[in-house]
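Here is how the chains run, residue by residue.
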Amino acid sequence: MWVFRTIGVTRCSAGVSSLARCLHTCPVLEGVTKANLSKLRKKTGFTFVNCRKALEKFENDLEQAEKWLKEQAQKEGWAKATKLQDRQTAQGLVGVAQEGTMATMVEVNCETDFVARNPKFCQLVTQVAMATLGDVKAHPQWTLGWLKALHTGDELKQLQIGDTTLGDLTALTIGTLGENIQIRRAMYYSVPPIPTKHVGVYVHAPVAGTTGGQSGSCALGKYGALVAFRRKNTEFQNFNAAELGRRLGQHVVGMSPLTVGEMPEVREEEEKKDGDKQDEEERSTDSDEDETQMLRQTFLLDPTMTVGEMTRQQGIELLDFVRFECGEVEES
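Residues numbered from 1 in each chain as written. Predicted model: local features only at pLDDT ≥ 70, side-chain atom pairs only at ≥ 80, totals over all residues. Heavy atoms only, no water.

> Got a minute to help me understand the overall build of the protein in this structure?
Of regular secondary structure, the protein possesses twelve helices and twelve strands. Residue burial in the protein is summarised as follows: out of 332 residues, 41% are buried. Put simply, of all contacts in the protein between residues at least 6 apart along the chain, 71% involve residues at least 24 apart. When the accessible surface of the protein is totalled, it reaches about 19,000 Å², and 52% of it is carbon and sulfur. (Helix = DSSP H or I, 4+ residues; strand = E, 2+ residues; numbered from the N terminus. Buried < 20%, exposed > 50% of the residue type's maximum accessible area, 1.4 Å probe, protein only. Contact = heavy atoms within 4.5 Å. Areas by Shrake-Rupley, 256 points an atom, 1.4 Å probe, with all protein chains shown as cover.)

Written out as structure tokens, the structure is:
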């Protein structure tokens, strides 16, 4: 009796196991094909359970399932964004995009450096940068003259990208990554499209796989700079505007000037005309200006000269610059 019962149980277990394997390896799961399930997971990044639920709901229709998944993720993302909105966001990335004489620089913040390196977060920063650049291009009158405009995060969230807004994309990313994410600011930069006017870009500590800020692309990093300059002397040979702009931007990031300032000899001539001896307080003020005025600073890439001397050597005039540092506290 005992032997018979043991054999019976064993056979029963084997039968159930075989049946389970058969059901598991079957190409159709309750009307959902494995091929479509695999495609949907790869395309959307959502879980197996959610993808299967979507395909079952729409009878294996990939397009409808994908649309429904994104709608659900959007709702969950906005709910999570509201819940996390008070969390501090001191990490993140600066993104720089350029096309010809137009450039934009954006800052998007998150809670941790781990998320800042996530491909989905990097994609969001790129989308914000390209959307701001597209907004400049959508207003041709802005590109005819000198443009410098700072936009807040709330303004940027209203920008369209495809059939959605940057605000919706941010909420979707929050829902996916589970951290508070804030679009902080963007700077539009444009100079007239003439051969003598140029915009240089530079990104420091770039994220691997991004393009370094070359024309028509987007670069991501922890620091960024835009520099506007004019070519005064067209007789100089081997003039490389992109490389020169990159070197000036590198100086801006590294030396943190506050203003363009004046060429050193201009100040000296003015002081000679005044004929007054400077007291100690005035000399101290001049020393501070040497540290904060870009043209009077020692050039970062060649300490034997000032930036002013470098620009004279290259036959250019420095017009303006902007520097972003991710997470920096702006002075009120």
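> In this structure, what is going on with the packing of aromatic side chains? I would like to understand it.
In this description, an aromatic ring pair is defined by two values, namely the gap between the centres and the angle between the planes. Applying the stated criterion across every chain yields a total of one aromatic pair. Taking 5.3 Å as the distance between ring centres and 65° as the angle between the ring planes, the aromatic pair formed by Trp146 and Tyr189 counts as edge-to-face. One end of the pair, Trp146, is in the loop between helix H6 (119-137) and strand S5 (147-152); the other, Tyr189, is in strand S8 (residues 182-190), and 43 residues separate them in sequence. The ring of Phe239 carries Arg231 above its face, with NZ or CZ at 4.1 Å from the centroid. (Phe/Tyr/Trp six-rings, centres within 6.5 Å; stacked < 30°, edge-to-face > 60°. Lys NZ or Arg CZ within 6 Å of the ring centre and 35° of its normal.)

> Mind showing me how you'd approach the sheet that holds strand S3 (residues 91-99) here?
In a beta sheet, neighbouring strands are held together by backbone hydrogen bonds and run either parallel or antiparallel to one another. Here five strands make up an open sheet; going across it, the order is S5-S8-S4-S3-S10 and the pairing antiparallel. Looking along the sheet, the strands with just one partner apiece sit at the ends: S5 and strand S10 (218-221). Sheet twist, expressed as the average angle between the axes of neighbouring strands with direction ignored, equals 15°. Where S3 and strand S4 (residues 102-110) come together, nine bridges link them in antiparallel fashion. For Glu99, the partnering residue across the bridge sits in S4 and is Met102. (Pairing = 2+ DSSP bridges. Axes fitted to C-alpha atoms, helices over the stretch in contact; angles between N-to-C directions.)

> Mind showing me how you'd approach the sheet that holds strand S11 (residues 223-231) here?
Read across the open sheet, the three strands follow the order S9-S11-S12; overall the sheet is antiparallel. Among the strands making up the open sheet, the edge pair consists of strand S9 (197-204) and strand S12 (316-325). Going from strand to strand, the sheet's axes swing by 15° on average, the running direction of each strand aside. With nine bridges joining them, S11 and S12 adopt antiparallel strand pairing.

> Just to check I follow, could you spell out the side chain of Asn36 for this structure?
Checked against the element boundaries, Asn36 lands in helix H2 (residues 34-44). Ignoring any residue separated from it by four or fewer positions in sequence, one finds Asn36 in contact with Leu55, Asn60 and Leu62.

> What should I look at first to understand the environment of Gly100 in this one?
Here Gly100 is to be found in the loop between S3 and S4. Exposure remark for Gly100: the relative accessible area of 46% places this residue in the partly exposed category.

> Is there a simple way to think about the pattern of salt bridges in this case?
Close approach of charged atoms allows side chains of opposite charge to pair. Summed over all chains, the structure comprises twelve salt bridges. Here Arg87 makes a salt bridge to Glu111, at a shortest N to O gap of 3.5 Å. On the criterion of sequence distance, the pair formed by Arg87 in the loop between helix H4 (62-84) and S3 and Glu111 in the loop between S4 and helix H5 (113-116) is long-range, its members being 24 residues apart. Residues participating in the shared-partner salt-bridge network are Glu107, Arg184, Arg185 and Glu328. (Salt bridge = Lys/Arg side-chain N within 4 Å of Asp/Glu carboxyl O.)

> I tried to follow unusual backbone geometry on my own but got confused; where do I start?
Note on backbone geometry: most residues besides glycine have negative phi, and most peptide bonds are trans. A positive phi angle, near 70°, is found at Asn60, a position not held by glycine. Positionally, Asn60 belongs in the loop between helix H3 (48-57) and H4. Of note, the phi angle at Ala205 is positive, near 55°, even though the residue is not glycine. For Ala205, the position within the fold is in the loop between S9 and S10. On the accessibility criterion, Ala205 (39% relative accessible area) is partly exposed.

> Teacher, can you tell me more about the packing of H6 against helix H8 (residues 166-177) here?
Packed helices, taken two at a time, are described by the angle their axes make and the gap between the axes. Packing of H6 against H8 leaves a shortest axis separation of 10 Å and a crossing angle of 175°. It follows that H6 is roughly antiparallel to H8 by the angle criterion. In this structure, H6 contributes Lys120, Phe121, Leu124, Gln127, Val128 and Ala131 to the contact, and H8 contributes Leu166, Leu169, Thr170, Thr173, Thr176 and Leu177. Classifying every residue of the contact of H6 with H8 gives seven nonpolar, four polar and one charged. (Parallel < 35°, antiparallel > 145°, perpendicular 65-115°, else oblique. Nonpolar A, V, L, I, M, F, W, Y, C, P; charged D, E, K, R; others polar.)

> Please explain helix H9 (residues 241-255) as it appears in this structure.
Side chains three or four residues apart in an α-helix point the same way, a direct result of the helix having 3.6 residues per turn. Here H9 is 15 residues long and its end C-alpha atoms lie 21 Å apart, about the 21 Å a rise of 1.5 Å per residue gives. Along H9, the residues classified as buried are Ala241, Leu244, Gly245, Leu248, Gly249, His251, Val252 and Val253. Turning to H9, the residues buried within the fold contact S9, S11, helix H12 (307-314) and S12. The N-cap of H9, judged by a side-chain oxygen 3.3 Å from the amide nitrogen of Ala242 a few residues on, is Asn240. Of the residues one or two after H9, Ser256 is the one with positive phi, at around 50°. (Expected span 1.5 Å × (residues − 1). Polar contact = N/O pair within 3.5 Å; in protein donor to acceptor, adjacent residues only side chain to side chain.)

> I keep staring at H12 and nothing clicks. Help me out?
Residues Val307, Gly308, Met310 and Thr311 constitute the buried set of H12. Looking down the long axis of H12, one finds its buried residues gathered within 160° of arc, a one-sided arrangement. If you follow the buried residues of H12, they end up packed against H9 and S12. Just downstream of H12 lies Gly315, where phi reads positive at about 70°. (Arc of directions from axis to C-beta.)

Just distances and angles here, no functional claims.
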